Amino acid sequence: METSIHSGLASRLLRAAACTSLLVAGCVGDIGAGGSGSSGSSGSSSAGANPTGGGTSSSGGGDAVCNPRLERRVVLLADLQFMNAIRDLLGDEAIEAEQAPDARLKPFAKKGLVVGTSLVHTRLARAAYAAESISGRFEQVTGCAPDGDDACAKTFLTKFAQRAFRRPVDETELDNLWSVYALGKEQSYERGVSLAVEALIASPSFSYRTELGGAADGDVVKLAAHEVASELSFFLTDSLPDAELAAAADSGALNDPEELARQAERLLEKPETRSTLNTTLIAAWGLSNLFGTVKDRGLFPEYTPALQASMFHETELLLEDLLWSREADVSALLTTRETFVNRVLAEVYGVEHTGASPEEFTKVELPADERAGILTQPGLLAALARTDNTSVVARGLFVRGAMLCLGKIPSPPEALSDAIKELLEADMTERERADARAANSTCAACHAQFDAFGLLLENYDPVGRYRDTLDGEPIDARVNLGNIAEVAGSYSSAVEFAEAVAQNDGFAACITRHLLTYGTDDEALQTRDCQVERVIEALPEGQRTLTNVVKAIVASPALTERAREE
């Protein structure tokens with residue numbers, strides 16, 4: 001009997017995941033396929049998205065129109081969000097130890113996350129494990145005795161379904177749920193409840209959040225209160241809405257912009273929300289790649305997993321200190337000379353460690369002519385370097401893309417792969433390699449847009465230590481960025497460059513773009529789009545704090561409006 005139950009459930013979920021829209025008739029009879037929050041996809045992380053369509057117009061300030069970039073759609077939860085939601089519903093016991101999510105490693109974009117057989121089977125297996133974890137703590141989780149009655153089971157399952165789906169559950173869905181419960185109950189009462197829990201977690205309505213809204217007002221659709229609650233919560237906490245946010249959606253209060261702002265302010269007071277936002281920025285900068293990098297042990301024996309973890313934690317501590325404890329302008333991330341070090345990290349910086357133990361992190365002041373904020377942190381520099389050398393290309397692309405959001409550069413033609421390999425293996429300095437690319441007509445146009453950024457960082461070796469010379473010769477980090485209008489000018493060092501960038505809105509706009517992208521799953525968003533411009537315009541004069549950036553995002557239509565389909 002148990003095998004047939006699992007087989008039938010798997011079959012239904014595989015069909016549901018293959019549905020191309022919420023209105024496909026074949027999905028209607030499945031658990032979670034009915035109601036306003038039902039969802040399905042045809043192999044992408046979101047359906048109905050139109051991130052590059054003509055709905056966006058430049059704000060230009062004033063009353064210019066800023067139409068929604070995104071159409072109505074359904075959005076697949078990232079793996080971290082999926083697992084966090086399970087944990088919030090059923091506790092840590094509901095997740096296998098080796099599957100426990102590590103927020104430090106969360107990807108910023110969902111590129112490559114598609115609905116296929118592998119993903120469906122993985123989530124079915126995690127749903128099964130979560131449901132089975134109820135065994136041994138049945139009464140604690142459900143509030144029902146192990147040999148309880150149907151009324152208690154239905155009360156628990158109704159509440160569980162509403163929280164799991166982040167919306168009201170309609171009668172058709174409940175009837176389907178009772179059928180699953182009854183099927184499992186043929187084996188035992190506990191099995192009936194656990195099988196229903198498994199069906200709910202395996203349902204598309206758990207794995208997806210919807211952005212369908214109600215009736216269109218012209219070309220604009222307002223998202224429903226429960227949709228806004230779900231979007232806000234997964235944006236700020238990477239998990240489902242808490243009880244107060246869910247209640248505001250249930251009552252309809254969340255439709256009031258003032259209540260939405262109040263809920264955002266409340267969530268921003270939570271340490272876990274602040275940690276999530278810190279990690280979102282770290283993910284946008286790609287710092288988690290640090291854990292996958294290796295160095296030549298003969299050249300850099302100090303580069304150990306312990307040092308990698310210390311480098312990563314340094315950035316976490318700095319963000320917490322600047323953005324939350326001190327509520328500094330986000331530009332301080334580029335200019336601060338203060339940071340946090342333990343003993344192994346202090347050795348990389350060449351500063352004294354005063355902690356009571358080697359593991360203790362303490363605040364230190366760094367040399368003003370060597371360091372300036374996150375751009376010169378060893379963790380970032382090490383993640384953007386090769387095994388035995390620095391990388392002007394990797395570091396330059398980081399500055400252009402993740403730090404300034406100046407736009408993507410196309411990958412080099414496949415025909416150049418041999419020439420690139422030969423150049424990397426040549427006995428040359430990184431500046432000599434950059435000069436060689438500049439002299440090559442095929443390479444020059446692209447590399448002129450980012451190589452100079454990387455050359456600014458040549459004073460930092462592959463593990464991020466500061467150096468004045470290389471092989472006995474002075475390092476020349478001077479560059480001219482006259483061909484890059486957004487940061488045009490000549491700079492003698494990374495420190496000078498970072499301080500110059502901090503003086504304008506470019507870095508704040510890039511941070512805004514990153515947060516809006518993560519919150520809305522709009523990976524094609526650019527800083528020049530009106531959605532970003534209007535957030536920057538809404539910030540109080542001289543107060544570009546992360547709190548204010550998030551509040552302005554929450555208040556913006558980019559989070560709560562979608563375009564009607566053409």
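Residues numbered from 1 in each chain as written. Predicted model: local features only at pLDDT ≥ 70, side-chain atom pairs only at ≥ 80, totals over all residues. Heavy atoms only, no water.

Trainee: Tell me about the overall build of the protein, and please be specific about residues and values.
Mentor: Within the protein, the regular secondary structure consists of 26 helices and 11 strands. Split into buried and exposed, the 566 residues of the protein put 53% on the buried side. If you take every contact in the protein between residues at least 6 apart in sequence, the share linking residues at least 24 apart comes to 70%. Entry remark: accessible area of the protein is about 24000 Å², with carbon and sulfur atoms responsible for 51%. (Helix = DSSP H or I, 4+ residues; strand = E, 2+ residues; numbered from the N terminus. Buried < 20%, exposed > 50% of the residue type's maximum accessible area, 1.4 Å probe, protein only. Contact = heavy atoms within 4.5 Å. Areas by Shrake-Rupley, 256 points an atom, 1.4 Å probe, with all protein chains shown as cover.)

Trainee: Quick rundown of the state of the cysteines? Include the residues and the values.
Mentor: Throughout the structure, instances matching the rule amount to 3 disulfides. Sulfur-sulfur distance for the disulfide between C66 and C530 comes to 2.1 Å. Taking the sign of the S-S torsion, 90 degrees for the link of C66 and C530, the bridge is right-handed. Residue C66 is found in the loop between β1 (46-47) and β2 (73-76), and its partner C530 is found in helix α24 (residues 530-538); the two are separated by 464 residues along the sequence. The disulfide bridge from C405 ends at C510, spanning 2.0 Å between sulfur atoms. Classification of the bridge connecting C405 and C510 rests on its S-S torsion, roughly 75 degrees, and on that basis the disulfide is right-handed. One end of the pair, C405, is in the loop between α17 (392-403) and α18 (417-425); the other, C510, is in helix α23 (residues 506-520), and 105 residues separate them in sequence. The exposure class assigned to C405 is buried, which follows from its relative accessible area of 10%. A residue is classified by how much of its surface remains accessible, and C510, at 1% relative accessible area, is buried. Cysteine C443 remains unbridged, with the sulfur of C446 as its closest cysteine sulfur at 8.6 Å. (Disulfide = S-S within 2.5 Å.)

Trainee: Tell me what's going on with helix α19 (residues 430-438), and back it up with residues and numbers.
Mentor: In an α-helix, one full turn covers 3.6 residues, which means residues spaced three or four apart are oriented alike. Where α19 is concerned, the buried positions are E430, R433, A434 and R437. For α19, the arc enclosing every buried residue in end-on projection is 100 degrees, short of the 170-degree limit, so these residues lie on one face. Considering only its buried residues, α19 is in contact with α17, α18, α20 (441-447) and α21 (451-455). (Arc of directions from axis to C-beta.)

Trainee: Would you mind going over unusual backbone geometry in detail, with residue names and values included?
Mentor: Positive phi values are uncommon outside glycine, yet R166 reaches one of about 60 degrees. Tracing the chain through its elements places R166 in the loop between α5 (150-165) and α6 (171-185). Look at D521: it is not a glycine, yet its phi comes out positive at around 60 degrees.

Trainee: I'd like a rundown of the packing of helix α11 (residues 257-268) against helix α25 (residues 546-555), residues and numbers included.
Mentor: Between α11 and α25, the shortest axis-to-axis distance is 10 Å and the interhelical angle comes to 150 degrees. If you check the angle between α11 and α25, you find them roughly antiparallel. Handedness of the crossing formed by α11 with α25: right-handed. Each of L260, A264, E265 and L268 in α11 lies in contact with α25, whose residues at this interface are T547, V550, K551 and V554. Classifying every residue of the contact of α11 with α25 gives 5 nonpolar, 1 polar and 2 charged. (Axes fitted to C-alpha atoms, helices over the stretch in contact; angles between N-to-C directions. Parallel < 35°, antiparallel > 145°, perpendicular 65-115°, else oblique. Left-handed = near helix turned anticlockwise from the far one by under 90°. Nonpolar A, V, L, I, M, F, W, Y, C, P; charged D, E, K, R; others polar.)

Trainee: Tell me what's going on with the nonpolar core, and back it up with residues and numbers.
Mentor: The nonpolar side chains of soluble globular proteins are, as a tendency, buried together. If you look at the biggest cluster of nonpolar residues, it comprises 99 residues, and the most contacted ones within it are M403, F453, F497, L515 and L546. Counting residues per element, this core draws most heavily on helix α13 (residues 305-325), which supplies 8 residues. In this view, M403 contacts L334, L375, F398, F497, V501, F507 and C510; residues no more than four positions away in its chain are not counted. Within the second largest apolar cluster, 45 residues are counted, among which are L77, A85, I95 and A202. (Core = buried A, V, L, I, M, F, W, Y, C linked by side-chain atoms within 4.5 Å.)

Trainee: Can you break down the side chain of T142 residue by residue, with the values?
Mentor: Structurally, T142 is set in helix α4 (residues 138-142). Here F138 takes part through its backbone oxygen, which lies 2.7 Å from a polar atom of the side chain of T142. One polar contact links the side chain of T142 to the main-chain amide nitrogen of C144, over a distance of 3.0 Å. Once you skip the residues sitting within four places of it in the chain, T142 turns out to touch I134, F156 and V193. (Polar contact = N/O pair within 3.5 Å; in protein donor to acceptor, adjacent residues only side chain to side chain.)

Trainee: I'd like a rundown of the confidence of the model for the protein, residues and numbers included.
Mentor: Scored by pLDDT, the protein has a mean of 89; 89% of the residues are at 70 or more. Below pLDDT 50 for its whole length, residues 1-30 participates in 48 contacts with residues either more than four positions away or in separate chains. Below pLDDT 50 for its whole length, residues 51-62 participates in 30 contacts with residues either more than four positions away or in separate chains. (pLDDT = per-residue confidence, 0-100.)

Trainee: Explain the packing of aromatic side chains residue by residue, including any values.
Mentor: According to the stated counting rule, one finds 9 aromatic pairs in the structure shown. Ring geometry for F138 against Y189: centres 5.9 Å apart, planes inclined by 70 degrees, an arrangement best described as edge-to-face. Pair noted here: F138 is in helix α4 and Y189 is in helix α7 (residues 189-202), with a separation of 51 residues, a long-range link. Note on accessibility: F138 and Y189 belong to one class, buried. Their ring planes at 90 degrees and their centres at 5.3 Å tell us that Y491 and F497 sit as a pair that is edge-to-face. The residues Y491 and F497 share a single accessibility class, namely buried. Taken together, the ring pairs in this structure connect F138, Y181 and Y189 into an aromatic cluster. If you follow R123 out to its NZ or CZ, it ends over the ring of F82, 4.4 Å from the centre. (Phe/Tyr/Trp six-rings, centres within 6.5 Å; stacked < 30°, edge-to-face > 60°. Lys NZ or Arg CZ within 6 Å of the ring centre and 35° of its normal.)

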